[in-house]
Amino acid sequence: MKKNSLLAMIFVLSGIRLMAQDQQDTAALKEEAMPQVVVVGYKDKLLSKVPGSVSVLRFKDIQSIAPLSGNDVVKRVPGLNVVDEEGAGLRINIGVRGLDPDRSRNVLILEDGVPVALNPYGEPEMYFTPVIDKVRSIEVLKGSGQVMFGPQTIGGVVNLITQDPPATQTTELRVKGGTGGFFSGYASYGTTVGNVGFVVSYLRKQADNMGPTWFRVNDLSAKIRFRINDKSNIGVKLGIYDELSNSTYVGLTQTMYDKGDNDYARIAPDDRLPVRRYNLSVTHQHLFSEKVSLQTTAFAYTTSRNWQRQDFSSNASAANQTGVVWGDREVPGGALYMLNSNGHRNRQFEVLGIEPRLVVKGTIAGRENKLQTGVRYLYEKANEQFVLGKKADATAGDLRDNEIRSGKALSAYLQDEISLTKKLSFSAGVRMEYFDYSRNILRGRFNVNGTTVVADTSVNAGDQVAALIPGAGLTYSVNQNVSLFAGVHKGFAPPRTKDAITSTGTAIDLDAENSWNYEAGARFQWNNWINGEATLFMMNFSNQIIPISQSSGNSNATGLANGGRTLHRGVEAGVNADLGKALEWKHSVTIGTNVTFVDSRYNADRFINAGTDKINVRDNDLPYAPSLIWNGSIGFASAKGFGVKLFANYVDEQFADELNTEIASSNGRIGKIESRMILDGTAWYQLPGKKVAFNLSAKNITDKRYIASRRPEGIKVGLPVFVTAGIDIVL
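Residues numbered from 1 in each chain as written. Predicted model: local features only at pLDDT ≥ 70, side-chain atom pairs only at ≥ 80, totals over all residues. Heavy atoms only, no water.

Draft legend 1. Representation of the overall build of the protein chain within the structure. Each helix and strand in the protein chain was counted, giving six helices and 36 strands. A compact globule built from 731 residues would reach a C-alpha radius of gyration of about 27 Å, and the protein chain, at 25 Å, matches this within 12%. Across its three principal axes, the protein chain shows a C-alpha extent of roughly 75 × 50 × 50 Å. For the protein chain, the residues scored as buried account for 56% of the 731 residues in total. (Helix = DSSP H or I, 4+ residues; strand = E, 2+ residues; numbered from the N terminus. Rg over C-alpha atoms; globule rule 2.2 N^0.38 Å. Buried < 20%, exposed > 50% of the residue type's maximum accessible area, 1.4 Å probe, protein only.)

Draft legend 2. A look at the pairing of strand β7 (residues 156-162). The element β7 is extensively covered by neighbouring structure, given that seven of its seven residues are classed as buried. Two strands pair when backbone bridges link them, and strand β4 (residues 107-111) and β7 are joined in this way by five bridges, in the parallel orientation. Bridging across to β7, Leu-108 finds its partner in Val-157. Here strand β6 (residues 135-141) pairs with β7 via six bridges, running antiparallel. (Pairing = 2+ DSSP bridges.)

Draft legend 3. Main features of the side chain of Gln-525. Inspection of the secondary structure puts Gln-525 in strand β22 (residues 513-526). Within polar-contact distance, the side chain of Gln-525 engages the backbone oxygen of Gln-480 at 3.2 Å. (Polar contact = N/O pair within 3.5 Å; in protein donor to acceptor, adjacent residues only side chain to side chain.)

Draft legend 4. The arrangement of the pairing of strand β36 (residues 722-730) in detail. The alternating pattern of β36 places Phe-722, Thr-724, Gly-726, Asp-728 and Val-730 on a buried face and Val-723, Ala-725, Ile-727 and Ile-729 on a face that is not buried. For strand β8 (residues 170-178) and β36, the ladder comprises seven bridges, and the chain directions are antiparallel. Considered in β36, the bridge of Gly-177 is made with Ala-725.

Draft legend 5. Layout of the confidence of the model for the protein chain. Per-residue confidence for the protein chain averages 89 on the pLDDT scale, and 90% of its residues sit at or above 70. Residue range residues 554-561 is modelled with pLDDT below 50. Its contacts to residues more than four positions away, or to other chains, number 18 contacts. (pLDDT = per-residue confidence, 0-100. Contact = heavy atoms within 4.5 Å.)

Draft legend 6. Structural view of the nonpolar core. Core analysis: the largest hydrophobic core is formed by 51 residues, its most contacted members being Ile-94, Ile-109, Ile-138, Met-210 and Phe-215. Excluding its chain neighbours within four sequence positions, the residues that come into contact with Ile-94 are Val-74, Leu-80, Asn-81, Val-82, Asp-100, Pro-101, Ser-104, Val-107 and Ile-109. Membership of the second largest hydrophobic core comes to 18 residues, among which are Ile-267, Ala-268, Phe-312 and Ile-715. (Core = buried A, V, L, I, M, F, W, Y, C linked by side-chain atoms within 4.5 Å.)

Draft legend 7. Structural view of the packing of aromatic side chains. Inspection of every chain in the model, using the stated rule, returns seven aromatic pairs. Arranged with centres 6.1 Å apart and planes meeting at 85 degrees, the rings of Tyr-127 and Trp-307 form a pair that is edge-to-face. Of the two residues, Tyr-127 sits in the loop between β5 (114-115) and β6 while Trp-307 sits in strand β14 (residues 292-313), which places them 180 residues apart along the sequence. One exposure class covers both Tyr-127 and Trp-307, and it is buried. (Phe/Tyr/Trp six-rings, centres within 6.5 Å; stacked < 30°, edge-to-face > 60°.)

Draft legend 8. Region of interest: the sheet that holds β7. On the basis of which strands lie adjacent, the open sheet formed by five strands has the order β1-β6-β7-β4-β5 and mixed pairing. Taken across any chain shown, the strands that pair with only one partner, and hence form the sheet edges, are β1 (54-57) and β5.

Draft legend 9. Spatial organisation of the pattern of salt bridges. Under the counting rule described, the total for this entry stands at 41 salt bridges. A salt bridge links Asp-401 to Arg-445; the shortest N-O distance between them is 3.9 Å. Remark: Arg-445 occurs in strand β19 (residues 424-448) and Asp-401 occurs in strand β18 (residues 398-419); sequence separation between them is 44 residues. Residue Arg-445 is classed as partly exposed on the basis of its relative accessible area of 47%. (Salt bridge = Lys/Arg side-chain N within 4 Å of Asp/Glu carboxyl O.)

Draft legend 10. A look at unusual backbone geometry. Gly-150 connects to Pro-151 through a cis peptide bond whose omega is 10 degrees. Structurally, the position occupied by Pro-151 is in the loop between β6 and β7. Of note, the amide linkage connecting Arg-711 to Pro-712 takes the cis form, showing an omega dihedral of 10 degrees. With respect to the element layout, Pro-712 can be found in the loop between β34 (707-709) and β35 (716-717). For Asp-112, which is not a glycine, the phi torsion comes out positive at approximately 55 degrees. Note on placement: Asp-112 falls in the loop between β4 and β5. The phi dihedral of Asn-660 is positive, around 55 degrees, even though this residue is not glycine. With respect to the secondary-structure elements, Asn-660 resides in the loop between β30 (654-655) and β31 (672-673). By relative accessible area, Asn-660 is classed as buried at 16%.

Draft legend 11. Main features of the environment of Phe-312. Among the structural elements, Phe-312 can be located in strand β14. Placed 35 residues apart in sequence, Phe-312 and Arg-277 show a C-alpha to C-alpha distance of 30 Å. Those residues in contact with Phe-312, other than ones at most four positions away along the chain, are Val-250, Leu-336, Tyr-337, Met-338, Leu-339, Arg-669 and Glu-713.

Draft legend 12. Seen up close, the side chain of Ser-588. Checked against the element boundaries, Ser-588 lands in strand β25 (residues 588-602). Taking relative accessible area as the criterion, Ser-588 reaches 17% and is therefore assigned buried. Among the polar contacts listed, one links the side chain of Ser-588 to the side chain of Asp-578, at a separation of 2.8 Å. Ignoring anything within four residues of it in the chain, the contact list for Ser-588 reads Asp-578, Gly-580, Gly-635, Phe-636 and Ala-637.

Draft legend 13. A look at the environment of Ala-610. Structurally, Ala-610 can be placed in strand β26 (residues 607-610). Owing to a relative accessible area of 24%, Ala-610 belongs among the partly exposed residues under this scheme. Sequence separation of Ala-610 and Ile-634 is 24 residues, and the distance between their C-alpha atoms is 47 Å. In this structure Ala-610 touches Ile-615 and Leu-659, once residues within four positions along its chain are discounted.

Put into structure tokens, the structure is as follows:
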């Protein structure tokens, strides 16, 4: 089928945007809500007072996908482009509406309302991703309501909500095994006794060959709810996450990919990435009255990621080679010469914060009114060392770089929602962000008389950034089935501390990332069997930061950071229907489809060095910004407990560089990434009594071979066909 015909078919099928169906959870658990931050916070199915694009995925929706990782779930949300760099989904890369997906820098990701990024202000990278196995629902908000959350208010907010304490004694076991030595075992136990409820969960997840990746993950978490009295509750959450994998930056050269026999080769077999995270949060909720409540959350977490990566070169004459060569030596830049040394990028992060949030409901001039306001203080710190290992598998070495980065942030926000009429609501809010950051370099590389030397030093510099972030929106309920919305808000993201202050202690004139974001759309639902949403959007950047880290494909981690003006505009549309309910069958027949069209480009002059030439990239597409993403699903669920579901995910072609280079470079890092259609499928059977359920899942059913990414340092091939089978037990 020709591409234009395929796109036309997808557009006709796509109608309006997918919304999660309000279906009964597989486990049919009754959970007692914890006092914690939620993003959407509206219970009506139409989400009639949310002034922007929103998706809510329930536990039933997540389970029907049988996800290997969170990537399998969030890539099906309209407007999100998810790049899977190693197949295991250990590090999520989300791009929203054409934004760069590298390390999800432009997305605020929360777990139970608490940030999870390494350092939310100075280094918002997602080297740690919460495990999908314990997530009960997902909220995704891209409209003006996100000004209550920060500091990232550009792409959107993704809130992963985990299991709350159950009302009665409940034991849950989920075991899954699959190809490549994959195993996942999840167990939880919870109950409520008197005024105390708790749930404890443990996950062990591992694989020997998930594409090129092996990993071991252990996750232990607990939630405890204390009911002090009728008006006051306390929620405590604790967690420990421990991961070890052979995650690596190096990928295939183009010659290796073209040859086709080393797609999942372990090019650097001694690369190791251990990630460990400890987190604690305490939330106190007090109801002064039916109309006034105060919720205060204090949180702290630490994350360490000490990445050991083998050195390599594209130069055949490089010194200290191991003798291992990958690729084609006859093609310039087409081979990788492995070196007998490595680098340890050791980083430790600390985050501490407190945030009281006041909600006041009342009337103004006889109109219903809801005021939300709060403040947050956050302290963050990063310790970074670069250690030179003298062998490919060295676990220690000589200290080359050592530095400490820290920051103190104060934010305050206020949002008011008033019902102008019974059908029309108006909301307006503003957020203030202030970030005071510093970089203290204790050891580094310096140029002395033309020679680079490593020496101890004491270089300390700092800077501040402040911003006011307004937003406003309207919602109009046409009737109980149709709601219209429109909104505008300012997008803001502070500059990364390491980028904004050089290694010589110079504070670069690096602007914050700023945009104006606009939305207009409609939601509908009808008789509990069909619902959907359509959204027109535009993000107009006065300055967009172009990622310059190694993870974004810049091997030198230097270059222009102020990317200048960019423009993102498009439409998200989708629909979800259960024909079984429409025809009053006892069985369920579901059809879902959603599509995102987005045009993301530089809309001002910007010159890029290409050899001896300077090329203006104005009107070029942004890197890793496909113009079309489509998701579809069709499923059948028998009243007797049997079900099957088929999923499709189409991602259009995209470019890996600002020059929109079509011809691939020999090292594989630059060139067009072709479009792809990936099919997944699940099947399940639930025994009578709903205590035991069996499931079977296949990812990439057709075993499609495709390039998932050309960065950080070479081609990463998408996961091949991957089959799992499991059993779920709820007692």
